Protein chains: 4
Amino acid sequence: MKGRGRHNAVVAAARRKQILDAASECFRRKGFRGASMMDISESAGLSTGHIYHYFENKEAIVEAVVDRGRPDLTDAAGAISSHSDLIEALLRSIDGKGGRDAPAVPALVLEVFAEASRNSLVARLFEAYERSLEKRLEGVLKSAQASGVIDQSADVDRLGRFLKVVLYGLIVHTAMVPGLGPAELRHVLDFFSDNTFWSSR
Amino acid sequence: MKGRGRHNAVVAAARRKQILDAASECFRRKGFRGASMMDISESAGLSTGHIYHYFENKEAIVEAVVDRGRPDLTDAAGAISSHSDLIEALLRSIDGKGGRDAPAVPALVLEVFAEASRNSLVARLFEAYERSLEKRLEGVLKSAQASGVIDQSADVDRLGRFLKVVLYGLIVHTAMVPGLGPAELRHVLDFFSDNTFWSSR
Amino acid sequence: MKGRGRHNAVVAAARRKQILDAASECFRRKGFRGASMMDISESAGLSTGHIYHYFENKEAIVEAVVDRGRPDLTDAAGAISSHSDLIEALLRSIDGKGGRDAPAVPALVLEVFAEASRNSLVARLFEAYERSLEKRLEGVLKSAQASGVIDQSADVDRLGRFLKVVLYGLIVHTAMVPGLGPAELRHVLDFFSDNTFWSSR
Amino acid sequence: MKGRGRHNAVVAAARRKQILDAASECFRRKGFRGASMMDISESAGLSTGHIYHYFENKEAIVEAVVDRGRPDLTDAAGAISSHSDLIEALLRSIDGKGGRDAPAVPALVLEVFAEASRNSLVARLFEAYERSLEKRLEGVLKSAQASGVIDQSADVDRLGRFLKVVLYGLIVHTAMVPGLGPAELRHVLDFFSDNTFWSSR
DNA sequence: TATGAATGAGCTTTCATTCAT
DNA sequence: CATGAATGAAAGCTCATTCAT
């Protein structure tokens, strides 16, 4: 029974992921309100009713999707020993590579931005998102400062706050301009590095 | 008949504004999809059916709301003779003071960002928004360069592109963080001016 | 005042005709339910509200349109001295030339047929239509019998009843088959005359 | 799963029939436009929304109702060995006994006639109806000719075209005159047989 | 566990009718 | 007489959610 229980738990986790993957894709394409439960169930390959075994309602799915989009902190502390490392680390914060369970697709993040301004639960989740992002930036910047990429005298807190805003802007920009790849994003960030406080160039 | 016609035109324009004001508020609070025609009509103080005398359908209202949020270019060319002037001009681009018929409320702009990625008409209007913003920034930066606030050797184009991203980020930030006022925004932008290419500080 | 009164009556009659003409056309194209009061008012070239000065409501317009479509009896008693005369007289009963104030356009008559089976007032008007048609046929047939075109021994009553059914069928056929002109209709009726009771051929 | 699938198919077919029966009755009483989806759903005994599991929209219901009213051809080739047989076969073409899945209720056929002149899809279905009727008449007449009921020299094509018109007229007549039973219809058709080309009387 | 039939509230939109001007 | 702004009651349709199987 215990073995079966554990097996069930594994299957249940897989089902939840299956549903959240489908939901994320639907939300990205149609928005939280535009995507119907049937869209999601068809996309996930199971029946509409079955979804309600894993999530209480649509709202719960939205929350779960928003929640797992939060940036992961574990791998962020990689060594930052050059400009390139820094830029790459920043880019990873928005291109989804730095996500936890799922890529933080920009178009979906925009949806979260919009939803957060009217859904208090999503707003709270967004705050967690923001905290994660700040922590991550702090880690990256301190690592960069430790290796001398950033000048010792730089105000890392202010720099972090500014960078957060820049990353938000990049998320918007990436979602809106279809063909925007990492190369173009790097150009924007390069400008940033050209005109500042870096110790070694 | 002519007098009546003119009177009607005036009243009609007032009604349209009345509807768009109500719709903007509803959209801001509930989103484009979440706000119902009844929400809008009640908020505007007229019957649901009556709205259809002024707008063909809900989509047309969305378009009109999005369209009138586009930044105005006319007053952007004020003289930029100091850092403060520049920062103020930039802030005006996002706090709605620089709008045309209506303030570009950040939360509403977020809605536009999200909607643009799936509604082609809104996407086109967003492009116009982006062009307006670019033009406006170009004007501001050239004015700043002319008066020596920005160094002659600065690459105004790249600077403009970067600033656009920063402004997008500020819009997101402003919409998400409730108590964020001009003072805090100025702090973020101050950082920008501290670390760059300015000729006179 | 009296002169003005009479003038007003003339204008009023003209307005009513103007409205009924427009309504007939709209009803023909969209059906009684499908045509809106706005369709009719636009087509008539006056305001929606103004129509209510001349007709109590839409129902009254329907009735008036149905009523004036009733075949006219006055000119039916023309001499029937040959087969051709007879066939032409019958054709006139359905092609609208025999109408009173307005042509009995087949597609509109179909609308009346359908409406009559559920609208008791239209049903009563249809009965009047049927009586008129019967009277007309009786007149035509008696005239034909008087001139020897139809045999004296023919049962004019039964023949009339049969012809009425044939005419209903022709109305349906004419409305449904787009290119159906008088020539084709004559062919159908010719068959009728080929195989019957005519005294002189 | 398979058993359930088959069961579902059976239930689904029953539901479709249930809906179409209810819709036919509603359409007959109120017309295609006059009958609302709520009328139909209440009459069918299920919820409004549920109907949309079986039909894409109201238009699809109209089509299905019109389509299944088309005369069936399979049983039309019964032997026609007497006048009575012929008359009965013709009557069966309009009284619904000769229909496929559902009786072709005259009042409903009138609705189709009227609708066909403005709804292109119904128009196409009506053409199929007309073809079916023609085929059926052709079969009946050839059978009658084979058994000598109709003279060998008769032009069966022209006769068929004429009969089609007569049948249309009878449909109109039947729908309009409430108490019209088979007996009266037979009288009208009897007249037809009295005055023509029959070989054996 | 899994299905999808079933519900009913709510959506956008249309339209006959009224009425202030 | 004449207008068309204004109303509100449906209309067709969608969809989150429930539940019998």
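Just so it is clear, the model here is predicted, and its values are computed rather than measured.

A.B. asks: What is the right way to look at the relation of the copies chain A and chain B in this model?
C.D. replies: Aligned on chain B, chain A shows an RMSD of 0.3 Å; the corresponding rotation is 178° and the shift along the axis is 0.0 Å. Considering both components of the superposition, the chain copies are consistent with a two-fold axis. Distance from the rotation axis, computed per C-alpha, reaches its smallest value in chain A at Gly169(A): 1.7 Å. Taken together, the interface assignments show that 100% of the residues at the interface of chain A recur at the interface of chain B, consistent with an identical surface on both copies.

A.B. asks: Would you mind showing me how to read the protein's contact with DNA strand E here?
C.D. replies: The environment of DNA strand E is made up of 30 residues, and the closest members are His50(A), Lys58(B), Met37(C), Arg15(D) and His50(D). Near-protein atoms of DNA strand E (within 4 Å) split between backbone and bases, with sugar and phosphate holding 70%. One nitrogen or oxygen atom from the side chain of Tyr52(B) is found 2.7 Å from a phosphate oxygen belonging to DNA strand E. One of the side-chain nitrogen or oxygen atoms of Lys58(C) is found 3.0 Å away from a phosphate oxygen of DNA strand E. Among the elements of the structure, helix H3 (48–51) of chain A, helix H3 (48–51) of chain B, helix H3 (48–51) of chain C together with helix H3 (48–51) of chain D are those that each provide at least two residues to the surface near DNA strand E.

A.B. asks: Where do I start with the interface of chain C and chain D in this structure?
C.D. replies: Many descriptions give the size of an interface as the accessible area lost when the pieces come together. Counting from both sides, the interface comprises 37 residues of chain C and, opposite them, 37 residues of chain D. For the pair chain C and chain D, the summed buried area comes to about 3200 Å², and 72% of that belongs to carbon and sulfur atoms. At the boundary of chain C and chain D, one finds two salt bridges. For the pair chain C and chain D, the interface holds four residue pairs in polar contact (both at pLDDT 80 or more). Those elements that provide at least two residues to the side of chain C that touches chain D are helix H1 (2–34), helix H6 (106–116), helix H7 (120–146), helix H8 (156–176) and helix H9 (182–194) of chain C. Of the residues that constitute the side of chain C that touches chain D, the class distribution is 19 nonpolar, eight polar and ten charged.

A.B. asks: Honestly, helix H7 (residues 120–146) of chain D in this entry has me stumped. Any pointers?
C.D. replies: Along an α-helix, residues three or four apart share an orientation, since each turn contains 3.6 residues. All names here are of chain D. Counted at 1.5 Å a residue, the expected span for H7 with its 27 residues is 39 Å, and the 39 Å between its end C-alpha atoms agrees. Between the side-chain oxygen of the N-cap and the backbone nitrogen of Leu121 there are 2.9 Å, and the N-cap of H7 in question is Asn119. At the exit of H7 stands Gly148, carrying a positive phi of roughly 85°.

Rules used in this analysis
Residues numbered from 1 in each chain as written. Chains lettered and ligands numbered in written order. Predicted model: local features only at pLDDT ≥ 70, side-chain atom pairs only at ≥ 80, totals over all residues. Heavy atoms only, no water. Least-squares fit on C-alpha atoms with pLDDT ≥ 70 in both. Contact = heavy atoms within 4.5 Å. Near = heavy atom within 4 Å. Polar contact = N/O pair within 3.5 Å; in protein donor to acceptor, adjacent residues only side chain to side chain. Helix = DSSP H or I, 4+ residues; strand = E, 2+ residues; numbered from the N terminus. Buried area = accessible area lost by both parts, 1.4 Å probe. Salt bridge = Lys/Arg side-chain N within 4 Å of Asp/Glu carboxyl O. Nonpolar A, V, L, I, M, F, W, Y, C, P; charged D, E, K, R; others polar. Expected span 1.5 Å × (residues − 1).

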